[in-house]
Amino acid sequence: MNLDSRWLGLSLPNPIVAGASPLSASVDRCRRLEDEGIAALVMHSLFMEQIAREEAALAALDAHRHAHPEASSYLAEPIDFALGPDEYLEQVRKLKTALSVPVIGSLNGTATGQWTHHAKLIEDAGADGLELNMYYLPLGGEPPAEVEQRHLEVLEAVRSELSIPVAVKLNFFFTSPVYMAKRLASTGASGLVFFNRLFHPHLDVTELEVRPDLELRRRSSLSLRLLWVAAAFGNVDADLAVSGGVVDSEDVLRCLMAGANCVQMTSALLSKGPGHVRDTLFQLRQWMEENEYESVEQMRGSLSVARSPDPEAYERANYMRTLNTWEPGGAWYTG
Ligand SMILES: Cc1cc2nc3c(=O)[nH]c(=O)nc-3n(C[C@H](O)[C@H](O)[C@H](O)COP(=O)(O)O)c2cc1C
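Engineer: Explain the environment of S271 here, please?
Structural biologist: Inspection of the secondary structure puts S271 in helix α9 (residues 267-272). According to the C-beta neighbour criterion, S271 is exposed, with 11 such atoms within 10 Å. C-alpha of S271 to C-alpha of L137: the two residues are 134 residues apart in sequence and 28 Å apart in space.

Engineer: How should I be thinking about helix α8 (residues 249-258) in this particular structure?
Structural biologist: Residue pairs spaced three or four apart in an α-helix point in one direction, given the helix's 3.6 residues per turn. The buried fraction of α8 is high, at eight of ten residues. Of all the positions in α8, only D251, V252, L253, R254, C255, L256, M257 and A258 are classed as buried. Summarising the contacts, the buried residues of α8 are in contact with β3 (16-18), α7 (222-232), β11 (239-243), β12 (262-265), α10 (275-290) and α11 (296-299). Positive backbone phi, approximately 130 degrees, marks G259, located one or two places after α8.

Engineer: Please explain the site of the ligand as it appears in this structure.
Structural biologist: The ligand sits among 20 residues. The nearest are A20, H44, S45, T266 and S267. Elements represented by at least two residues in the shell around the ligand include exactly β4 (40-47), β5 (103-108) and α9. Here the residues of the shell around the ligand sort into six nonpolar, twelve polar and two charged.

Engineer: Looking at this model, I keep getting lost on the sheet that holds strand β6 (residues 129-133). Mind explaining?
Structural biologist: Sheet architecture is closed into a barrel: eight strands sit in the order β3-β4-β5-β6-β7-β8-β11-β12, paired in parallel fashion. Going from strand to strand, the sheet's axes swing by 25 degrees on average, the running direction of each strand aside. One ladder, built from four bridges, connects β6 with strand β7 (residues 166-170); its direction is parallel. Residue L130 lies in a different strand from β7, and its bridge partner there is V166. Running over the sheet, α7 touches β8 (191-194) and β11 and is turned about 175 degrees from β11.

Engineer: Teacher, can you tell me more about the pairing of β7 here?
Structural biologist: When a strand is regular, its side chains alternate between the sheet's two faces. In terms of burial, β7 is largely enclosed, as five of its five residues are buried. With helix α5 (residues 144-159) bridging β6 and its parallel neighbour β7, the resulting β-α-β unit is right-handed. Here β7 runs beside β8; their pairing, made up of four bridges, is parallel. Across the sheet, K169 pairs through a bridge with V193, a residue of β8. Following the chain from β7 across helix α6 (residues 177-186) to the adjacent parallel β8, one finds a crossover that is right-handed.

Engineer: Sorry, what's going on with the packing of α7 against α8 here?
Structural biologist: Remark: α7 packs on α8, axes separated minimally by 8 Å, with the N-to-C direction vectors making an angle of 25 degrees. By the angle class used here, α7 and α8 are roughly parallel. Where α7 abuts α8, its residues L222, L226, V229 and A230 lie against D251, R254, C255 and A258. Here the contact of α7 with α8 is built from residues that sort into six nonpolar, no polar and two charged.

Engineer: In this structure, what is going on with the nonpolar core? I would like to understand it.
Structural biologist: The nonpolar side chains of a soluble globular protein tend to be buried, and buried together. Among the nonpolar cores identified, the biggest contains 85 residues, and V17, L41, L192, V229 and V263 are the most heavily contacted of them. Per-element accounting of this core gives the leading share, seven residues, to α7. Contact partners of V229, with chain neighbours within four places excluded, come to F194, L240, V242, C255, A258, G259 and A260.

Engineer: Would you explain the pairing of β6 in this entry?
Structural biologist: Within β6, five of the five residues are buried, which leaves the element mostly enclosed by the surrounding structure. By the alternation rule, side chains of β6 split into G129, E131 and N133 and L130 and L132, which are all buried. Relative to β6, β5 runs parallel, the two sharing five bridges. Paired with G105 across the strands is L130, a residue of β6. In this fold, the crossover linking β5 to β6 by way of helix α4 (residues 118-124) has right-handed handedness.

What counts and what doesn't
- Residues numbered from 1 in each chain as written.
- Predicted model: local features only at pLDDT ≥ 70, side-chain atom pairs only at ≥ 80, totals over all residues.
- Helix = DSSP H or I, 4+ residues; strand = E, 2+ residues; numbered from the N terminus.
- Buried ≥ 20, exposed ≤ 12 C-beta atoms within 10 Å, placed from the backbone.
- Contact = placed C-beta atoms within 7 Å.
- Near = placed C-beta within 6 Å.
- Nonpolar A, V, L, I, M, F, W, Y, C, P; charged D, E, K, R; others polar.
- Pairing = 2+ DSSP bridges.
- Axes fitted to C-alpha atoms, helices over the stretch in contact; angles between N-to-C directions.
- Right-handed = clockwise from strand over helix to strand, strands pointing away.
- Parallel < 35°, antiparallel > 145°, perpendicular 65-115°, else oblique.
- Core = buried A, V, L, I, M, F, W, Y, C linked by C-beta atoms within 7 Å.

Here is the structure:
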C-alpha cells in the first residue's frame, strides 16, 4: 500500500499534514504527532501586526537610547502573542532539530511592507516551506480587482526573497476561485490551501455585543473545499491541499478523490490528540485495501470536475435537479 504524497514539491510518506495551530508551540506535542505518523507540520502564524509592533518598539527604543542612554530596557508596547518574531524563529530552529518531517512556517499579513522580510528569516531558520495566509475581509466593499492584486503583490514580495516553496492559504470568497488560484500559481505559489477558515463573529443579542467565536471541528465546512479543489484539479499548476472540516479517513479519501495532494487537519488533532493520526492512517490503508487501491496517486482526482464519470453532477443542471427532487419530510407540509 503506497501512501506516498507530495506537498509543495516535498515528498511525504502519507497525505496527512498538521494544519497551522498552537500545536506547533510545543516541540513535545509535535514530536508526538510525528511519532503517530503525521507527514508534515504547518506552524501557527507569525502575524504582520506582531512584526510591525516589534519593529516600532525597537525604533522607539533606539530613539530613546539616543536621548537617555541608560534606558536600554525600554519597550514601547508589550507583545501579547505567545511567540514574538524572535521566539518564532527560535521555534522553527527547535522544531527542525527535533523533527524529521518537513516544517512549514506560516506568515500572516495583508499588504506589502517590511514584514515580508520575515519570510527570509523563517527560511534561514530552517523551514522547509512557507505558508502565506492573507486573512482579509473586504468589509468596506473594496473592488475585487484591488483585493486580488494585493494578494499577488504580497505573494510576489515574499516569493522574491525565498528559495523554499510557498503555499497560499486561500480565502474562499473570490468571485472566481479557480482563476485566482491560477494567477497565484503563475506568480510563484507552489501550493494552494483550500481554504482559510473565517472566524465568524457571534452576535450576542442579549448583551448587544459581537464576540469572536472559535468552534472546533465544523465538519460541514468540508463540502465547500471539496467543490473548489475538484474544480482546480487539472486546471492549476500547483499542489492542492484541503484545510477545513477534515476529521476522519473518509474525509481524507474525499479530498484525495476531489484532487488534493494532501489534507491539513487541525481541529480533529486539537480535540482528539495525536493518536488520531495513527487511527486515520490505519483506516485509510484498510479502506484502500478493501477497495483494491494500491496508491494514493491512483485515486487522486478521480472525482474531480475534469475526471469525474459524471461532471454534470458539479454543474448548474445538478443544482436545479437537487432543488426539484427535494422530498418534503414534515407532516405539516405534506398533510
Ligand atoms: C486554535 C486555532 C488556531 C489557529 N491558528 C492558525 C494560524 O495561526 N494560522 C493559520 O493560518 N491558521 C490557523 N488556524 C486555522 C487552521 O489552520 C485551519 O485552517 C482551520 O482550523 C480549519 O481546519 P479544521 O477544520 O481542521 O480545524 C487555527 C485554527 C485553530 C482552531
